[in-house]
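# Coordinate inspection notes
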Amino acid sequence: MSKLANEQMKPETQNSKPETQNPKPKTQNPSPFQVDENGYYGNFGGAFIPEMLYPNVEELRQRYLGIMAEPSFQQEFQQLLKDYVGRPSPLYFAKRLSEKYQTNIFLKREDLNHTGAHKVNNTLGQILLAKRLGKQKIIAETGAGQHGVATATVCALMGMECIVYMGEVDIARQRPNVERMLMLGAQVIPALTGSRTLKDATNEAMRHWINHPTDTHYIIGSVVGPHPYPDMVARFQSVISEEMRWQLKAQTGRENPDYILACVGGGSNAAGAFYHYLDEEEVKLVAVEAAGHGVHTDKSAATTFLGKVGILHGSKTLLMQTADGQVIEPHSISAGLDYPGIGPIYAHLKEKGRAIFLSATDAESIEAGFLLAEMEGIIPAIESAHALAALDQLDFQASDVVVVNLSGRGDKDLQTYIEWKKKRNE
Ligand SMILES: *Cc1c(COP(=O)(O)O)cnc(C)c1O
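Throughout this document, residue positions are counted from 1 along each chain, in the order its sequence is written. A pLDDT threshold of at least 70 governs which residues receive local features in this predicted model, and a stricter bar of 80 or more applies before side-chain atom pairs are shown or counted, although totals over entire chains, interfaces and linings include all residues. The side-chain values count all of the structure's non-hydrogen atoms but skip hydrogen atoms and water molecules.

Scanning the chain from N- to C-terminus turns up 16 helices and 14 strands. Atoms counted for the radius of gyration: C-alpha only. Globule rule: 2.2 Å times the number of residues to the power 0.38. Over its C-alpha atoms the chain spans a radius of gyration of 20 Å, differing by no more than 12% from the 22 Å that the globule rule assigns to 426 residues. Dimensions of the chain, computed from the C-alpha atoms along their principal axes, are close to 55 × 55 × 40 Å. A separation threshold of at least 6 residues defines the contact pool for the chain, and within that pool the share at least 24 residues apart is 73%. Within the chain, one finds 42 positive and 50 negative side-chain charges whose respective centroids are separated by 2 Å. To qualify as a helix, a DSSP run of H or I must reach at least 4 residues; to qualify as a strand, a run of E must reach at least 2; elements of each kind are numbered from the N terminus. Note on definitions: a residue-residue contact is assigned when non-hydrogen atoms from the two residues lie within 4.5 Å. Positive charges come from Lys and Arg alone, negative charges from Asp and Glu alone, with His and the N- and C-terminal ends not counted. Every charge is mapped to an atom, namely NZ of Lys, CZ of Arg, CG of Asp or CD of Glu.

Structure representation (structure tokens):
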């Protein structure tokens, strides 16, 4: 298996590091769960793009692994992950939560990263790559604004021009994140077509990229989009499971947990948490989708449950669509999980039975968020609370080691939590 992040930046106090391993990603993944040389995860993935986008995507495809393997790239990436993002993120043994579930629950604290979530691992990696590709401008699209903020952040860090496309409706809904992006120096351009939400912002970003192929890099925020994006983003996020291995070894004596739970919107935090365990069949990988009001209602975002095979954002995957192939607007209370598709790796993991797919409703997730706040003093992002809610759906042994990837912090969701509580108490 390839290794993205090298070992040299681990804290000196950790005496349980594994021996130094080859930090260079191999050009091919021998694992049946990794992308193949044609850009596919089994029957899914690929690069279904308009001809005019081909040169951009092809340049990226030819160069991403080579650039990521360069020692100077790794040096800069590792240094910034440590000093700017604040990695390694702690692996915290949640004692009171463990007592409640009668097992051993660890939280991987991506919520403690700079900007409050895992997304910055990827945007940082991609901007370093963009610099080495000689690009001067960055574009991104955003729905809830979290990826826009993570992109604007690294653009400020690198002094690069940043344009974020965002649906006009989302701009109105997500004002605080728009203000953050503006303060970070980004330009936020409203998408005025269609439903004026994420998919329209994506179209605008694509159009911009077609018109500015040589000087612009497009930072996609999850393990979605045409090859090589899903693999590239997974590699940048793989630092999560790389740290988990030595942290678990130090705290439990073994590298492999029994379960890893992560919420899945597009799937990047889960891909990072699963990455180094994909071939360790005894590790149960649990992907938790947003059920919204319930998978049997028309307000849901549980793509692997409701979706059918189709092509979305340049990739063959599962997506929620009508009988004639129109994308169905998903619903989740958490803006980050409100996506009609899913990364192609998940369509493959589902087909192969390698991961367990669960879903949690809005109500279950919010309540799980309150539970974590009250029992552990941690307010999770509502996205991450979906992974916590799934703890109720699994049967643990007292000796099990369970890791929940806490993808982000809940400050951004305070209003939603407050409104929920008000309604509950009425
Ligand atoms: C964006 C986001 C997600 C969903 O994105 P993935 O690519 O599925 O990880 C989950 N949690 C948080 C905190 C987010 O900001």
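All right, on to the sheet that holds strand S14 (residues 401–406) then. For two strands to be treated as a pair, DSSP must find no fewer than two bridges joining them. Spatially, S3-S4-S14-S9-S10-S13 is the arrangement adopted by the 6 strands of the open sheet, whose pairing is mixed. If you trace the sheet from one side to the other, it starts and ends with strand S3 (91–93) and strand S13 (355–361), each paired once. Direction aside, neighbouring strands of the sheet carry axes that sit 25° apart on average. Where strand S9 (residues 259–263) and S14 come together, 3 bridges link them in parallel fashion. In the strand pairing of S14, Leu-261 is matched with Val-404. Contacting S3, strand S4 (104–109), S9 and S14, helix H10 (residues 239–252) runs over the sheet at an angle of about 140° to S4. Axes here refer to lines fitted to C-alpha atoms; in helices the fit is confined to the stretch in contact. Angles between the N-to-C directions go from 0 to 180 degrees. Strands in contact with helix H15 (residues 382–389) are S4, S9, strand S10 (284–292), S13 and S14; relative to S9, the strand with the most contacts, it is inclined by about 145°.

What follows deals with the nonpolar core. Membership of the largest hydrophobic core comes to 88 residues, with the highest contact counts inside it found for Leu-129, Phe-274 and Tyr-346. Summarising the domain contributions, this core has at least three residues from each of domain 1 (40–77 + 118–233) and domain 2 (86–117 + 238–425). When near neighbours in sequence (up to four residues on either side) are disregarded, Tyr-346 contacts Val-223, Val-264, Gly-266, Gly-267, Ala-270, Ala-271, Phe-274 and Phe-357. Side-chain atoms within 4.5 Å are what join buried Ala, Val, Leu, Ile, Met, Phe, Trp, Tyr and Cys residues into a set we call a nonpolar core. The buried label goes to any residue with under 20% of its type's maximum accessible area, the exposed label to any with over 50%, and the partly exposed label to all in between, with areas taken from a 1.4 Å probe on protein chains only. For the domain bounds, the source is a domain assignment made automatically or taken from a database.

Moving on, we get to the packing of aromatic side chains. Stacked, tilted and edge-to-face are the three classes assigned to paired rings of Phe, Tyr and Trp, where Trp is represented by its six-membered ring and a pair needs centres within 6.5 Å; plane angles under 30 degrees give stacked, over 60 edge-to-face, the rest tilted. The final tally for this structure, using the stated rule, is 9 aromatic pairs. Three or more aromatic residues link up through ring pairs in this structure, and these residues are Phe-73, Phe-77 and Phe-236. A ring has a charge above it when a Lys NZ or an Arg CZ is no more than 6 Å from the ring centre and no more than 35 degrees off the ring normal. The cationic tip of Lys-284 hangs over the ring face of Tyr-259; the distance from NZ or CZ to the ring centre is 4.8 Å. Directly above the aromatic system of Phe-370 lies the positively charged group of Arg-424, at a separation of 5.0 Å from the ring centroid.

This brings us to the site of the ligand. Taken together, 16 residues sit near the ligand, with Lys-119, Ser-222, Gly-267, Ser-268 and Ser-407 positioned nearest. Contacts described as polar in this section are N or O atom pairs within 3.5 Å, which, within protein, must combine one atom able to donate a hydrogen with one able to accept it, while residues neighboring in sequence count only if both atoms come from side chains. In the environment of the ligand, an oxygen atom lies 2.5 Å from a nitrogen or oxygen atom belonging to the side chain of Lys-119. The separation between an oxygen atom of the ligand and a polar side-chain atom of Ser-222 is 2.6 Å. Note on areas: Shrake-Rupley with a 1.4 Å probe; residue coverage comes only from the protein chains shown. Protein chains bury 97% of the 380 Å² of accessible surface belonging to the ligand in isolation. Here the shell around the ligand gathers at least three residues from each of two domains, domain 1 (40–77 + 118–233) and domain 2 (86–117 + 238–425). Each residue is tested against the molecule or strand, and it is near if at least one of its non-hydrogen atoms lies within 4 Å.

A few words on the domain arrangement of the chain. Parsing the chain into structural domains produces domain 1 (40–77 + 118–233) and domain 2 (86–117 + 238–425). One C-alpha centre belongs to domain 1, the other to domain 2, and the line joining them spans 23 Å. Taken together, the contact between domain 1 and domain 2 spans 29 residues of the former and 33 residues of the latter. Run the count over domain 1 and domain 2 and you get 11 residue pairs in polar contact (both at pLDDT 80 or more). Of the residues contributing to the side of domain 1 that touches domain 2, the split by class is 12 nonpolar, 15 polar and 2 charged. Put simply, Ala, Val, Leu, Ile, Met, Phe, Trp, Tyr, Cys and Pro go in the nonpolar bin, Asp, Glu, Lys and Arg in the charged bin, and everything else, Gly too, in the polar bin.

Predictor confidence is given residue by residue as pLDDT, running from a minimum of 0 to a maximum of 100. Confidence in the prediction of the chain, expressed as mean pLDDT, is 93, and 93% of residues score 70 or more. Within the model, pLDDT remains below 50 along residues 1–24, and this stretch shows 59 contacts once partners closer than five positions in the same chain are excluded.

Here Asn-177 lies in helix H7 (residues 175–183). Polar contacts involving the side chain of Asn-177 include one to the side chain of Gln-146, which spans 2.7 Å. Among the polar contacts listed, one links the side chain of Asn-177 to the side chain of Arg-180, at a separation of 2.5 Å. Residue contacts for Asn-177: discarding those within four places in its chain leaves Ala-144, Gly-145, Gln-146 and Val-149.

Below, the discussion takes up the environment of Val-233. Along the chain, Val-233 turns up in helix H9 (residues 229–237). Residues Val-233 and Asn-122, 111 residues apart in the sequence, show an inter-C-alpha distance of 5.9 Å. Ignoring anything within four residues of it in the chain, the contact list for Val-233 reads Asn-122, Gln-126, Ile-220, Ser-222, Val-223 and Ser-268.

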